[in-house]
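Here is what each chain is made of, one letter per residue.
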Amino acid sequence: QVQLVEAGGGLVQPGGSLRLSCAASRSIFSINAMAWYRQAPGKQRELVAAISWGSTNYADSVKGRFTISRDNAKNTLYLQMNSLNPEDTAVYYCNAILGTRPLLTWGQGTQVTVSS
């Protein structure tokens, strides 16, 4: 069973930055497209960003502010988040994807709170 572990969340002021990471217990990043999701209180989990071998894709709400990347050698996925605002507050999750469908069991996620 592949386990996903997200890290890097925390409390940040509006306009600040955070860098999230996602590590897998087995090597999967070189053969699967990956994505970041987030879920705010009372909201559905939404796709934030995705990365394949030749392209990236972002939700309109984060485009220009977030950057998804991956280091296949380290088997780690990243999400660089800049210019954060309170609407970005959520638990962030990673997963392997097929199209927009998650393939693996969800990890615990990492909490991102944007507040002054």
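Coordinates for the structure precede this section.
Given the structure is predicted, the values throughout are model-derived calculations rather than measurements.

Here is what the cut-offs are and how they apply
Residues numbered from 1 in each chain as written. Predicted model: local features only at pLDDT ≥ 70, side-chain atom pairs only at ≥ 80, totals over all residues. Heavy atoms only, no water. Pairing = 2+ DSSP bridges. Helix = DSSP H or I, 4+ residues; strand = E, 2+ residues; numbered from the N terminus. Axes fitted to C-alpha atoms, helices over the stretch in contact; angles between N-to-C directions. Core = buried A, V, L, I, M, F, W, Y, C linked by side-chain atoms within 4.5 Å. Buried < 20%, exposed > 50% of the residue type's maximum accessible area, 1.4 Å probe, protein only. Disulfide = S-S within 2.5 Å. Salt bridge = Lys/Arg side-chain N within 4 Å of Asp/Glu carboxyl O.

Visitor: What is the right way to look at the sheet that holds strand 7 (residues 66-71) in this model?
Guide: Sheets are built from strands that pair by backbone hydrogen bonding, the pairs being arranged parallel or antiparallel. Pairing is antiparallel in the open sheet, where four strands are placed in the order 1-3-8-7. Only two strands of the sheet have a single partner each, and these edge strands are strand 1 (4-7) and strand 7. Averaged over all adjacent pairs, the angle separating strand axes in this sheet is 15°, with direction ignored. Taken together, the six bridges between strand 7 and strand 8 (residues 76-81) define a ladder with antiparallel strand orientation. Looking at the pairing, F66 lines up with M81 of strand 8.

Visitor: Before we go on, may I ask you to explain the nonpolar core in this structure?
Guide: Proteins that are soluble and globular tend to have nonpolar side chains buried together. Counting residues in each nonpolar core, the largest one holds 28 residues, and the members touching the most others are W36, F66, I68, L77, L79, M81 and Y92. Those elements giving two or more residues to this core turn out to be strand 3 (18-24), strand 4 (33-39), strand 5 (46-51), strand 7, strand 8, strand 9 (90-98) and strand 11 (110-114). Formed by five residues, the second largest nonpolar core is a distinct cluster that contains A35, Y37, A50 and I97.

Visitor: So what exactly am I meant to see when it comes to the state of the cysteines here?
Guide: Chemically, a disulfide is nothing more than a covalent bond linking the sulfur atoms of two cysteines. Counted under the stated rule, the structure contains one disulfide. Shown here is the disulfide that connects C22 with C94, its sulfur atoms set 1.8 Å apart. An S-S torsion of about 60° defines the bridge between C22 and C94 as right-handed. Highlighted residues: C22 in strand 3 and C94 in strand 9, separated in sequence by 72 residues. A relative accessible area of 0% means that C22 is categorised as buried.

Visitor: Just to check I follow, could you spell out the pattern of salt bridges for this structure?
Guide: Oppositely charged side chains can form a pair if their charged atoms are brought close together. Taken as a whole and judged by the stated rule, the model has three salt bridges. Among the salt bridges present, the one from D88 reaches R38, with a minimum N-O distance of 2.9 Å. Of this pair, D88 sits in the loop between strand 8 and strand 9 while R38 is found in strand 4, placing the two residues 50 residues apart along the sequence. When sorted by exposure, D88 lands in the same class as R38, which is buried. Between D88 and R65 there is a salt bridge whose closest N-O contact spans 2.7 Å. Here R65 lies in the loop between strand 6 (56-58) and strand 7 and D88 lies in the loop between strand 8 and strand 9, a separation of 23 residues in the sequence. Accessibility assignment for this pair places D88 and R65 in one class, buried. Taken together, the salt bridges that share partners define one network made up of R38, E46, R65 and D88.

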